[in-house]
Amino acid sequence: MKDVIATYYFRPRADTKPDQAARAICDEETTGTWTDISTRTEYVKQLDGTVESVTPQGEGYITRIHYPAEIFEPGNVAQYLSVCAGNLFGLGRLDAVRLLDIEYPDSLIIPFKGPKFGISGVRKMIGSKNRPHVGTIIKPKVGLNPVDTASVAYEAAMGNVDLIKDDETLTDQAFCPIDKRLPLVMKRLEEAKDETGRQVLYAVNITTRADRIVQRALHAIELGANMIMIDIFTSGFGALQALGEDSRIKVPIHVHRTMHAAFTRNPEHGIAMRPLAHIIRMLGADQLHTGTVSGKMSHTTPEVKKSIDMLTCNCHGMKPTFPVSSGGLHPGNVAHELASLGIDIVLQAGGGIHGHPDGTAAGARAMRQAVDAFMEGKTAEEYAKDHYELERALKHWGSN
Ligand code: CAP
Ligand code: MG
């Protein structure tokens, strides 16, 4: 394949035919504009795009558009998106348009190495084989001081989680600076490891401006970090690329996707998570949030599965990125999540652990018990008969 092929859903304006609308996208993102221009010399035309197909779907149409590979600067993801996800969203001739997927020729993927660790590397750090990882998010998402943050982390580790992460809005605020929080959390996790023998990962949120993020990551590693976290859409693709491609950063990168729903949620307009997940994997994400099928956030199972597929499919030998299911999960909906999405996944629960009637450690144990039940082919209700923490969780939140 020598072109980039972008697939869009669109609904044309009333006065615009579907083929005209698809052509308008193609021209806008290659060599055209709204009117003919005298400066479009003969040789430029070799960069013209082509509309492969326009087929009716629901209220609108699906179109596949070929952009010549020569338009793209290899390795420059920002420019890839300026073409495939650029001005077209604002074209007046379209009442709605959504980017569904992007297929790249080898030449435009080869510059990217992908995750340093991937699923197998993170599993190796934890010592897990084929089972879901259980993670928690420190809650409340902001406000705790460093000592209390570390105590919550210790309790979660004693409850056998594999991963503890900062929430997406906690970074380096005065009430809980990284320089204080990180060493204290790592110290408490060491204490937990002495008691349980288990390594637990702590994803410290190093989100900051792109020109400082590598320095902040290296500082966090100096302070003992065994995983870092970045809010990709608020810090930018370039920030992740800088972390993913820096050989000095020898810890896995957990990627949070806060703000994504501004463009992924509307089924008629915006950008599906799938093409974004592809890029985030290329840039080096070891773990990425892909949504739940039973949690609190709006979602559709097919969309979640398409993103997971993009993170784990064979892509130029890149390591697969660990999909993260998070948002409103609790022990009562673990079975549904795993039955829908499989077990090569990280299940994350914040409220679903810290909201357990007997506290964080009990909540973590209840999540692990719900996973163990599924892995043993038992229902949570059956398993709860001789697993107290799970029984208490099911009484508290029910199960679906
Ligand atoms: C979950 C969470 C995550 C969302 C992100 C929150 O907490 O920490 O940020 O899951 O959504 O702040 O809501 P709870 P997504 O477990 O308490 O819901 O993974 O879809 O990007
Ligand atoms: Mg959060």
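Residues numbered from 1 in each chain as written. Chains lettered and ligands numbered in written order. Predicted model: local features only at pLDDT ≥ 70, side-chain atom pairs only at ≥ 80, totals over all residues. Heavy atoms only, no water.

> Can you walk me through the overall build of the protein in this structure?
Along its length, the protein carries 17 helices and 13 strands. Relative to its length of 400 residues, the protein is compact, with a C-alpha radius of gyration of 23 Å against a globular reference of 21 Å. Judged by the C-alpha coordinates and their principal axes, the protein covers about 75 × 45 × 35 Å. Sorting the 400 residues of the protein into buried and exposed places 55% on the buried side. Total accessible area computed for the protein in this model is approximately 16,800 Å², and 52% of it derives from carbon and sulfur atoms. (Helix = DSSP H or I, 4+ residues; strand = E, 2+ residues; numbered from the N terminus. Rg over C-alpha atoms; globule rule 2.2 N^0.38 Å. Buried < 20%, exposed > 50% of the residue type's maximum accessible area, 1.4 Å probe, protein only. Areas by Shrake-Rupley, 256 points an atom, 1.4 Å probe, with all protein chains shown as cover.)

> Mind showing me how you'd approach the coordination of the magnesium ion (ligand 2) here?
Reference values for angles at a metal are 109.5 degrees in the four-donor tetrahedral case and 90 or 180 degrees in the six-donor octahedral case. Bound to the magnesium ion (ligand 2) are the protein donor atoms Asp167 (OD) and Glu168 (OE), situated 1.8 to 2.0 Å from the metal. With a relative accessible area of 2%, Asp167 lands in the buried category. (Donors = N, O, S within 2.8 Å, 3.2 Å for Na, K, Ca; no water.)

> How should helix 7 (residues 213–222) be read in this particular structure?
The periodicity of an α-helix, 3.6 residues per turn, causes residues three or four positions apart to be oriented the same way. Among all positions in helix 7, only Ile213, Val214, Ala217, Leu218 and Ala220 are buried. Seen from one end, helix 7 has its buried residues packed into an arc of 160°, which puts them on one side. Every exposed residue of helix 7 that faces more than 90 degrees away from the buried side is listed here: Gln215 and Glu222. Residues of helix 7 that are buried in the fold lie against helix 6 (178–196), strand 7 (201–205), strand 8 (227–231) and helix 9 (237–244). At the exit of helix 7 stands Gly224, carrying a positive phi of roughly 110°. (Arc of directions from axis to C-beta. Contact = heavy atoms within 4.5 Å.)

> What's the story with the sheet that holds strand 12 (residues 322–326) in this structure? I'm lost.
Whether parallel or antiparallel, the strands of a sheet pair through hydrogen bonds between backbone atoms. A barrel is described by the order of its strands in space; here eight strands give the closed sequence 5-6-7-8-9-11-12-13, paired in parallel fashion. Adjacent strand axes in the sheet meet at a mean angle of 25° when their direction is disregarded. Direction of pairing for strand 9 (residues 253–256) relative to strand 11 (residues 287–289): parallel, over a ladder of two bridges. Residue pairing for strand 11: Val255 is matched across the bridge by Leu288. Where helix 6 meets the sheet, it contacts strand 6 (163–165) and strand 7, and its direction lies at approximately 175° from that of strand 7. (Pairing = 2+ DSSP bridges. Axes fitted to C-alpha atoms, helices over the stretch in contact; angles between N-to-C directions.)

> Looking at this structure, I do not really get the domain arrangement of the protein. What am I missing?
When the parts of a complex come together, some accessible area is lost, and that lost area is often taken as the interface size. For the protein, the assigned domains are domain 1 (3–109) and domain 2 (118–397). One C-alpha centre belongs to domain 1, the other to domain 2, and the line joining them spans 35 Å. Contacts between domain 1 and domain 2 engage 20 residues on the former and 21 residues on the latter. Roughly 1,700 Å² of surface becomes buried between domain 1 and domain 2 when both sides are summed, with 58% attributable to carbon and sulfur atoms. Of all residues in domain 1, the largest losses of buried area upon contact with domain 2 belong to Val77, Arg98 and Ile109, amounting jointly to 38% of the total for that side. The interface formed by domain 1 and domain 2 includes three salt bridges. (Domains from an automatic or database assignment. Buried area = accessible area lost by both parts, 1.4 Å probe. Salt bridge = Lys/Arg side-chain N within 4 Å of Asp/Glu carboxyl O.)

> Hey, could you run me through the sheet that holds strand 3 (residues 60–68) in this one?
Taken in spatial order, the five strands line up as 2-3-1-4-10 in an open sheet, and their pairing is mixed. Looking at the sheet topology across the chains shown, the edges are occupied by strand 2 (50–57) and strand 10 (270–271). Where strand 1 (residues 3–12) and strand 3 come together, eight bridges link them in antiparallel fashion. In the sheet register, Thr7 faces strand 3, and the bridge partner there is Arg64.

> Whenever I open this one, the layout of surface pockets confuses me. Can you help?
Here the largest pocket is characterised by a volume of approximately 800 Å³. Arg257, His260, Gly291, Met297 and Ser298 are the residues nearest the centre of the largest pocket, which is lined by 41 residues in total. Element by element, the count of residues in the lining of the largest pocket is highest for helix 12 (residues 301–312), at five residues. Along the lines of polarity and charge, the residues of the lining of the largest pocket split into 12 nonpolar, 18 polar and 11 charged. (1 Å grid on protein atoms, 1.4 Å probe; cavity = no way out; pocket = protein on both sides within 12 Å on 5 of 7 lines; lining within 4 Å. Points joined across faces, edges and corners; volume = space filled by probe spheres on them. Nonpolar A, V, L, I, M, F, W, Y, C, P; charged D, E, K, R; others polar.)

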